[in-house]
Amino acid sequence: MNPHARFECRRLYPLIFFDFGVQTVLNKSIMHDFIYRGADLYAEDVPLEELGREYGTPLYVYSKRTLVRHIRAYGDAFGGAQSHGDQPPTGGIVSFALKANSNGAILRLLASEGAGADIVSGGELFRALRAGIPASKIVYAGVGKTADEIAYALKKNILMFNVESDEELEKINRVAGMTGRKAPVALRVNPDVDPLTHPYISTGMKKYKFGMPMEDALEFYMKARRMENIEVVGIHEHIGSQITQVAPFRDALEKVLALMERLRGSGIKLRYLDLGGGLGIRYRRGEGEKPPLPAALAKSLLPLVKGRGLTVIVEPGRSVVGNAGVLLTRCLYRKKTSRKRFVIVDAGMNDLIRPSLYGAYHEIIPVRKSRRAALKVDVVGPICESGDFLATDRRMPAVMPGELLCVLGAGAYGFSMSSNYNSRPHPAEVMVDGGEHRLIRKRGTYRDLVRGEL
Ligand SMILES: *Cc1c(COP(=O)(O)O)cnc(C)c1O
C-alpha cells in the first residue's frame, strides 16, 4: 500500500454536518469547540471574525475547553489525574509531548491539570520547567542528546532518560560521573511493528533511526547495570504518530512485555513502562479516520500491564492539542490559470508545514458561510515554493479576497514547526476561554527577524 495515499484528498465532503475531533466525542454526542452559530464560525463563545479583526492574521487560535477535556481524558484513562504537584505520582503519568506545541500558556494549563512532559531537547526541558511541570514527571527521548543537554537534565533531576543507542548510554554515564549524579535510564526499544501511518511519522520499525532492536535489549541492560553512574529504571517504546488503530499499540506492548519477562529472568526488574504517544486525531470528516479515544487505548493496554508493579507513562502530543487549535488566515487574491484555480491566503508553509511536508490533509472552512457554489481550488500561501500549499484540488465554496478561512486541526505540529522562511514573522497565538480571549504569543516583528544577527 502506498502510505501517501491515505493523506491525499480526492473525496469531496459537503460542509454541512461538519464534525471533527473524535477526541471530543463524549457520551456519544459530538461536542466541538469550533462550531458555526448561524453563518459564523465560533471558537467556544467567541466569533473567529472578531479574533481575526483584533489580532490580525495568520493567527493560531486555541480552545482552553478542548485542551482541558483532552488532557483530562488521558488523566482519567491512565491515572495521571491524581498526580498533582511535585509528589511522586501514584497512578500512571501523562507526559505531554512538547514538540507538538510548546507555548508556555498551554504548558502551564496542562501542568495545572497534572501533566508531565516528554521532551526531546534541552530547550524543551527549559520550557517545561519554566511552565511549572515537575522534573519528576519529565522523560527525555531523542537520538541526539548532547553532553550539555544531558548535564542540564541531570542537574534538574528528571524522571528518566529514554536512551536510544549504546554510545548515548556511555555518554550519559560519563556526564553523570562528572556531575556526581546517577542517571536514571530507560532503553527505548524498537518493537518493529508497522503503525500504519505516514513514513515520516512512523518510528517503531527496524528501518528507522529510533530506539534499539529488541534483540539487543538484554545486552544493553546488562551493560547499563554494570555502569557506575547509571540506574536502570524503565523501558520505553514510541512507535509513531497519527496512529488510528489500537492494534499496533497492542502488538508493540505485547512484544515489550515478552522482552520484560526475559529481562526479569536475567534479574533486571524495571519500574517504569513508557508506552510513548502517537494516538491519532481526526483530520477529515467521513469514514476512514476513526482514531480510538484514550479510554479505549487504556482499556486495551492496561489489563496486560496490571499486577506487574509497573508505573505506566504515556506521552500524547497530537491527540491533546491537535483539535484544540485552528489557524486563521485571510484570502488575499484569487488567480486562475488554464489548469487551476488558486486561492492565495496570508498563511504559508512557514506557518503550517504539515500539508507541504507530509501531504497532510487539513479541513479548511469559511469563517462566514456563504451560499456561493463550490469550486475546486488549491489553497496556497505567499512563500516562493511550489510546495507551499494548505490544500490541493479542494472543493470549497468560492472565497473572496478579504474573507477569513479557518484551517482545522492545526493545534499540533503547527506553530511548533513554524519558521521565518521568506523572512516572515511568526504568527500570533490566542487562547479562547468561554467568551474571553487573550494573546498567548505576540506576532513576530521585523526586528525579531534580525535579532541575534551580528
Ligand atoms: C513525538 C513524540 C511523541 C508524541 O507523539 P504524538 O503523535 O504527537 O502523540 C511521544 N513520544 C516521543 C518519544 C515522541 O518523539
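For the structure itself, consult the block above.
Quick caveat: nothing in here was measured; it's all calculated off a predicted structure.

Structural notes on the site of the ligand
Logical step 1: If you check the shell around the ligand, you find 15 residues, and the closest are Lys-99, Ser-241, Glu-315, Arg-318 and Tyr-413.
Logical step 2: At 2.9 Å, a backbone N or O of Gly-317 approaches an oxygen atom of the ligand.
Logical step 3: For the ligand, the accessible surface in isolation is 390 Å², of which the surrounding protein chains cover 95%.
Logical step 4: Taken atom by atom, the bulk of the ligand overlaps the largest pocket.
Logical step 5: Among the residues forming the shell around the ligand, the class breakdown is 4 nonpolar, 6 polar and 5 charged.

With respect to helix α9 (residues 294-305)
Logical step 1: The end-to-end C-alpha separation of α9 is 16 Å, in line with the 16 Å expected for 12 residues at 1.5 Å each.
Logical step 2: When α9 is considered as a whole, its buried residues turn out to be Pro-294, Leu-297, Ala-298, Ser-300, Leu-301 and Val-305.
Logical step 3: Against the buried residues of α9 lie α2 (64-78), α8 (247-265), β14 (272-274) and β15 (311-314).
Logical step 4: One or two positions beyond α9, positive phi appears at Gly-307, with a value near 80 degrees.

Comments concerning the pattern of salt bridges
Logical step 1: Applying the stated rule across the entire model yields 19 salt bridges.
Logical step 2: Here Lys-64 ties to Asp-433 by a salt bridge, and the two come within 3.4 Å at their closest N and O atoms. Linking Lys-64 in helix α2 with Asp-433 in strand β22 (residues 428-433), this pair joins segments that are 369 residues apart in sequence.
Logical step 3: Relative accessible area serves as the criterion here: at 28%, Lys-64 is assigned to the partly exposed category.
Logical step 4: A salt bridge links Asp-166 to Lys-223; the nearest nitrogen and oxygen atoms lie 3.5 Å apart.

Looking at the nonpolar core
Logical step 1: Membership of the largest hydrophobic core comes to 98 residues, with the highest contact counts inside it found for Phe-78, Phe-161, Tyr-221, Ile-230, Ile-235, Leu-273 and Val-379.
Logical step 2: With 8 residues, α8 is the single largest residue contributor to this core.
Logical step 3: Per-domain counts for this core show at least three residues from each of domain 1 (65-320) and domain 2 (323-450).
Logical step 4: Setting aside residues no more than four positions away along its own chain, Tyr-221 makes contact with Ala-186, Leu-187, Val-232, Gly-234, Ile-235, Leu-263, Ile-268 and Leu-270.
Logical step 5: Grouped together as the second largest cluster of nonpolar side chains are 19 residues, Leu-41, Ala-43, Ile-365 and Leu-408 included.

Focus on empty space enclosed by the protein
Empty space among the atoms can be located by rolling a probe the size of a water molecule over them.
Logical step 1: Inspection of the entire model under this criterion finds 4 cavities of 30 Å³ or more.
Logical step 2: Put simply, the second largest cavity is a space of about 70 Å³.
Logical step 3: Around the second largest cavity, the lining residues are Tyr-74, Phe-78, Phe-249, Leu-275, Gly-276, Gly-277, Gly-278, Leu-279, Leu-297, Leu-301 and Val-314.
Logical step 4: Sorting the residues of the lining of the second largest cavity by element identifies α2 and α9 as the ones contributing at least two each.
Logical step 5: Broken down by class, the residue content of the lining of the second largest cavity amounts to 8 nonpolar, 3 polar and no charged.

Quick word on a positive patch on the surface
Logical step 1: On the surface, a cluster of positive charge is made up of Arg-108, Arg-127, Arg-130, Arg-438 and Arg-441.
Logical step 2: If you list the elements that add at least two residues to the positive patch, you get α4 (122-130) and β23 (436-441).

Details of helix α7 (residues 217-226)
Logical step 1: Of the residues making up α7, those classed as buried are Ala-217, Phe-220, Tyr-221 and Ala-224. Looking straight down α7, one finds that the buried residues subtend no more than 95 degrees of arc, so they occupy a single side. Facing away from the buried side of α7, by more than 90 degrees, are the exposed residues Glu-219 and Arg-226.
Logical step 2: Where the residues of α7 are buried, they touch β10 (160-163), α6 (166-179), β11 (183-190), β12 (212-213), β13 (230-236) and α8.

Calculation rules
Residues numbered from 1 in each chain as written. Predicted model: local features only at pLDDT ≥ 70, side-chain atom pairs only at ≥ 80, totals over all residues. Heavy atoms only, no water. Near = heavy atom within 4 Å. Polar contact = N/O pair within 3.5 Å; in protein donor to acceptor, adjacent residues only side chain to side chain. Areas by Shrake-Rupley, 256 points an atom, 1.4 Å probe, with all protein chains shown as cover. 1 Å grid on protein atoms, 1.4 Å probe; cavity = no way out; pocket = protein on both sides within 12 Å on 5 of 7 lines; lining within 4 Å. Sits in = over half its atoms within 2 Å of the grid points. Nonpolar A, V, L, I, M, F, W, Y, C, P; charged D, E, K, R; others polar. Helix = DSSP H or I, 4+ residues; strand = E, 2+ residues; numbered from the N terminus. Expected span 1.5 Å × (residues − 1). Buried < 20%, exposed > 50% of the residue type's maximum accessible area, 1.4 Å probe, protein only. Contact = heavy atoms within 4.5 Å. Salt bridge = Lys/Arg side-chain N within 4 Å of Asp/Glu carboxyl O. Core = buried A, V, L, I, M, F, W, Y, C linked by side-chain atoms within 4.5 Å. Domains from an automatic or database assignment. Points joined across faces, edges and corners; volume = space filled by probe spheres on them. Patch = residues over 30% accessible without salt bridge, like charges linked within 9 Å, V, L, I, M, F, W, Y side chains within 5 Å. Lys, Arg positive; Asp, Glu negative; His and termini not counted. Charge placed at Lys NZ, Arg CZ, Asp CG, Glu CD. Arc of directions from axis to C-beta.

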